[in-house]
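Here are the chains, one letter per residue:
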There are 4 protein chains.
Amino acid sequence: MPEHVYIRHESQVEVPFYDIDPMNIVWHGNYIKYMERARCAMLEELGYNYPTMQEHGHGWPIVKLDCKYIRPATFGQIIQIECAIVEFESCLKIRYILRDLVSRTKLTLAHTTQVAVRLDNGEMQFQTPDSFQQAIRGSNLFMPLKLQ
Amino acid sequence: MPEHVYIRHESQVEVPFYDIDPMNIVWHGNYIKYMERARCAMLEELGYNYPTMQEHGHGWPIVKLDCKYIRPATFGQIIQIECAIVEFESCLKIRYILRDLVSRTKLTLAHTTQVAVRLDNGEMQFQTPDSFQQAIRGSNLFMPLKLQ
Amino acid sequence: MPEHVYIRHESQVEVPFYDIDPMNIVWHGNYIKYMERARCAMLEELGYNYPTMQEHGHGWPIVKLDCKYIRPATFGQIIQIECAIVEFESCLKIRYILRDLVSRTKLTLAHTTQVAVRLDNGEMQFQTPDSFQQAIRGSNLFMPLKLQ
Amino acid sequence: MPEHVYIRHESQVEVPFYDIDPMNIVWHGNYIKYMERARCAMLEELGYNYPTMQEHGHGWPIVKLDCKYIRPATFGQIIQIECAIVEFESCLKIRYILRDLVSRTKLTLAHTTQVAVRLDNGEMQFQTPDSFQQAIRGSNLFMPLKLQ
């Protein structure tokens, strides 16, 4: 079954010199940073950024991560990052498609999964907080899943 | 089918201050660095490190990565990293188990997959180089797969 | 004697989450990255970026660096970086003033010095290349030093 | 007047692949990390590490940093770091000499200055805490300044 996209968001990063390795390409671990920037930009637009998460009493650690590296990026390249929220009720699962801005060639496909953890007792939550679900459903970017 | 382990190697890293995030835990992207250090230490022991790869005319980019974060690590903690080569003929696939050195608690499980790419023409190889396979099979750490 | 500013350039960075340390401020080493981004943006505008440097046969390693940290920056803050070239004939010396974008409060003062090194023989040059000096003097941002 | 060395400490780092830039040398900002590792190892030996600093109610931000890069380091090189405390009463000022372990060639010279800041009110202290000065003076590594 294909993933349903609830929220879609686009942003860009320009590859800095210090992210390039001796093969003249972005060192693979640095894409994790680009994905975090894109995720934070999306959460900012949803009005539920990291400070908001803390105000509501939760941390949201990453519990899973996968990346498929298709083509390498290099210094100065502009990468467009499409973030898509594909699960938001049990956890926050995001799919990332990184493309070269100009040619639209796919560079990297990735997913991250985050869970809410109560800051007062460290307990992992099996449902995301109501405040978060309301932020998602109330967003004008929200695309509900229509069942037949 | 469980993964067969051809080579097993152990190493340690101590978590530095600059890897810690505002939640007082290692930022999730930093584990990729610990895994690379462990991988390089294992390849060094096999006599086939990154410079050797280049001398044989290949780059070995990471094409896939997955991580499962179980428990967070924090400043000063000693992490033991068990690297296991689970595929070396079509590609180099490594499994990583990161544990707290003292309690042996599992912190992170991960895999990386690398393929050989010819440096002269950029072509991806569907078999790893003979020199690499010989280095693996000739190692005193090699545990061959026994078929019934 | 105060520094003469030959070229002035402004750019901005937004502090990402992964640059924040357990004290909830930017880890001090990360400002070096912001300075490099600002420097690259300025060199891009001067038409003499890192690839141009290489085409002209030189690397330009940093040989000196100093930073004075006045106030810390934190997650999401927009930092304005004023880059000023204060020497370009014997070396490339740049002064950086990092300010909070909104309040204009100074956060960090810094300098970097780079020298040209010939890529063919590794020799350090005591004059910057003609092509570089021409790029500086020919820029519409150039402010010549007027002697009394 | 030459700097008086109150405490001297040595440690080593091995340059990891992910710290190397396209010129095949350590990217200059990464030395800041090596210096922090060396500083933390020294403070650990003095029994006054970062957690101890916090227990005594202080943060110790870096307020000044300078580096002189003499020779570049590259992948796999072992760097020996000599840390020397050259001031500990008004602030914590440390001098770093980074050398190639084998040839003893100097690679980088640097200084950092840290001040104590009270965590309860954010006030910068013009004297380091008594507990810190006692840790320094009580260490068997302490070399007092002898006045003629």
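Residues numbered from 1 in each chain as written. Chains lettered and ligands numbered in written order. Predicted model: local features only at pLDDT ≥ 70, side-chain atom pairs only at ≥ 80, totals over all residues. Heavy atoms only, no water.

### Brief notes about the pairing of strand 3 (residues 62–69) of chain D
So, point 1. Two elements, strand 3 (residues 62–69) of chain C and strand 3 of chain D, share 5 bridges in a ladder whose sense is antiparallel. If you follow C67 of chain C over to strand 3 of chain D, its bridge partner there is L65 of chain D. (Pairing = 2+ DSSP bridges. Helix = DSSP H or I, 4+ residues; strand = E, 2+ residues; numbered from the N terminus.)

### Overview of the interface of chain C and chain B
So, point 1. Counting from both sides, the interface comprises 7 residues of chain C and, opposite them, 7 residues of chain B.
So, point 2. Taken together, the two surfaces of chain C and chain B that pack against each other cover about 720 Å², and 78% of this comes from carbon and sulfur.
So, point 3. Of all residues in chain C, the largest losses of buried area upon contact with chain B belong to F17, P22 and W27 of chain C, amounting jointly to 64% of the total for that side.
So, point 4. Applying the counting criterion to the chain C and chain B interface returns 0 salt bridges.
So, point 5. Where chain C touches chain B, the interface holds 0 residue pairs in polar contact (both at pLDDT 80 or more). (Contact = heavy atoms within 4.5 Å. Buried area = accessible area lost by both parts, 1.4 Å probe. Salt bridge = Lys/Arg side-chain N within 4 Å of Asp/Glu carboxyl O. Polar contact = N/O pair within 3.5 Å; in protein donor to acceptor, adjacent residues only side chain to side chain.)

### Considering the packing of aromatic side chains
So, point 1. As enumerated under the stated definition, the model contains 44 aromatic pairs over all chains in all.
So, point 2. The interplanar angle of 10° and the centroid separation of 6.1 Å between the aromatic rings of Y6 of chain C and F142 of chain C together place this pair among those described as stacked. Of the two residues, Y6 of chain C sits in the segment before strand 1 (7–14) while F142 of chain C sits in the segment after helix 3 (130–138), which places them 136 residues apart along the sequence.
So, point 3. Since its relative accessible area comes to 9%, Y6 of chain C is described here as buried.
So, point 4. Aromatic side chains F17 of chain D and F75 of chain D sit 5.7 Å apart centroid to centroid with 85° between the ring planes, which places their arrangement in the edge-to-face category. Remark: F75 of chain D occurs in the loop between strand 3 and strand 4 (78–87) and F17 of chain D occurs in the loop between strand 1 (7–14) and helix 1 (31–45); sequence separation between them is 58 residues.
So, point 5. Of the residues examined, F17 of chain D reaches a relative accessible area of 11% and is grouped as buried.
So, point 6. Among the aromatic residues, those joined into a cluster by ring pairs are Y6, F88 and F142 of chain A. (Phe/Tyr/Trp six-rings, centres within 6.5 Å; stacked < 30°, edge-to-face > 60°. Buried < 20%, exposed > 50% of the residue type's maximum accessible area, 1.4 Å probe, protein only.)

### So, the interface of chain A and chain B
So, point 1. Between chain A and chain B, the residue contacts involve 19 residues of the former and 19 residues of the latter.
So, point 2. Between chain A and chain B lies a buried interface of about 1,600 Å² when both sides are counted; carbon and sulfur atoms form 68% of it.
So, point 3. Inspection of the region where chain A meets chain B yields 6 residue pairs in polar contact (both at pLDDT 80 or more).
So, point 4. Those elements that provide at least two residues to the side of chain A that touches chain B are helix 1 (31–45) and strand 3 (62–69) of chain A.
So, point 5. Tallying contributions element by element places strand 3 of chain A first for the side of chain A that touches chain B, with 8 residues.

### Considerations on the pairing of strand 1 (residues 7–14) of chain A
All names here are of chain A.
So, point 1. Alternating residues of strand 1 divide into I7, H9, S11 and V13, all buried, and R8, E10, Q12 and E14, none buried.
So, point 2. Where strand 1 and strand 4 (residues 78–87) come together, 8 bridges link them in antiparallel fashion. Bridging across to strand 4, E10 finds its partner in E82.

### Points about helix 1 of chain D
For the α-helix, the turn length of 3.6 residues means that residues three or four positions removed from each other point alike.
All names here are of chain D.
So, point 1. Taking 1.5 Å as the rise per residue, helix 1 with 15 residues should run 21 Å; its terminal C-alpha atoms sit 21 Å apart, in good agreement.
So, point 2. Counting buried positions over the 15 residues of helix 1 gives 11, a clear majority of the element.
So, point 3. Within the span of helix 1, buried status applies to Y31, I32, K33, Y34, M35, E36, A38, R39, C40, M42 and L43.
So, point 4. G47 occupies a position one or two residues after helix 1 and carries a positive phi of about 70°. (Expected span 1.5 Å × (residues − 1).)

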